[in-house]
Amino acid sequence: MANAAPIFAFEVRYVIELILLVFALIIQGVALVHAITQRSDAFAAIGTLPKGGWIAILAVCLVLILLSRGPISLFGLIGIAAALIYLLDVRVGLRDLSDGKGFW
């Protein structure tokens, strides 16, 4: 009976890491696909990195999270941060630019 607790803890940790991995892959995949489908001149218009730079960053982070130990590793956290910066900052700027409302 005393040996059941550590096994249960490892199973819970595995499930949590699996959920975080799926979340990270979805976030990074959405960010990468969005970056690929945007116009190149729009990135320069909002004053951010060029399209190729964002695609390279997001693709490298996606590959590193797949090759590393998952989303809790250093590369995984950097990848999640890069994808969230893209989605919460750059994507919003691109959306504001494309719908004609401008920046203000």
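Now for a look at the structure at hand.

Each value, and the rule that gives it
- Residues numbered from 1 in each chain as written.
- Predicted model: local features only at pLDDT ≥ 70, side-chain atom pairs only at ≥ 80, totals over all residues.
- Heavy atoms only, no water.
- Helix = DSSP H or I, 4+ residues; strand = E, 2+ residues; numbered from the N terminus.
- Rg over C-alpha atoms; globule rule 2.2 N^0.38 Å.
- Axes fitted to C-alpha atoms, helices over the stretch in contact; angles between N-to-C directions.
- Left-handed = near helix turned anticlockwise from the far one by under 90°.
- Contact = heavy atoms within 4.5 Å.
- Core = buried A, V, L, I, M, F, W, Y, C linked by side-chain atoms within 4.5 Å.
- Buried < 20%, exposed > 50% of the residue type's maximum accessible area, 1.4 Å probe, protein only.

## A few points about the overall build of the chain
Reasoning step 1: Scanning the chain for helices and strands turns up four helices and zero strands.
Reasoning step 2: The linear arrangement of helices and strands in the chain, starting from the amino end, is α-α-α-α.
Reasoning step 3: Computed over the C-alpha atoms, the radius of gyration of the chain is 18 Å, more than 25% above the 13 Å expected from 2.2 N^0.38 for a compact globule of 104 residues.
Reasoning step 4: Oriented by its inertia axes, the alpha-carbon framework of the chain measures out at about 65 × 25 × 20 Å.

## Focus on the packing of helix α3 (residues 51-67) against helix α4 (residues 74-98)
Reasoning step 1: Closest axis-to-axis distance for the α3/α4 pair is 8 Å, and the angle between their directions is 145°. Crossing geometry of α3 relative to α4 is assigned as left-handed. On α4, the residues touching W54, I57, L58, C61, L64 and I65 of α3 are F75, G76, I78, G79, A82, A83, I85, Y86 and V90.

## Here's the deal with the nonpolar core
Reasoning step 1: Of all hydrophobic cores here, the largest spans 18 residues; its most connected members are A31, F43, W54, L58, Y86, V90 and L94.
Reasoning step 2: Breaking this core down by element, the ones donating at least two residues are α1 (4-37), α2 (40-45), α3 and α4.
Reasoning step 3: Tallying contributions element by element places α4 first for this core, with six residues.
Reasoning step 4: Excluding residues that lie within four positions of it along the chain, W54 makes contacts with F43, T48, L49, A82, I85, Y86 and V90.

## A short note on the environment of D99
Reasoning step 1: For D99, the position within the fold is in the segment after α4.
Reasoning step 2: Judged by relative accessible area, D99 falls into the partly exposed class, the value being 40%.

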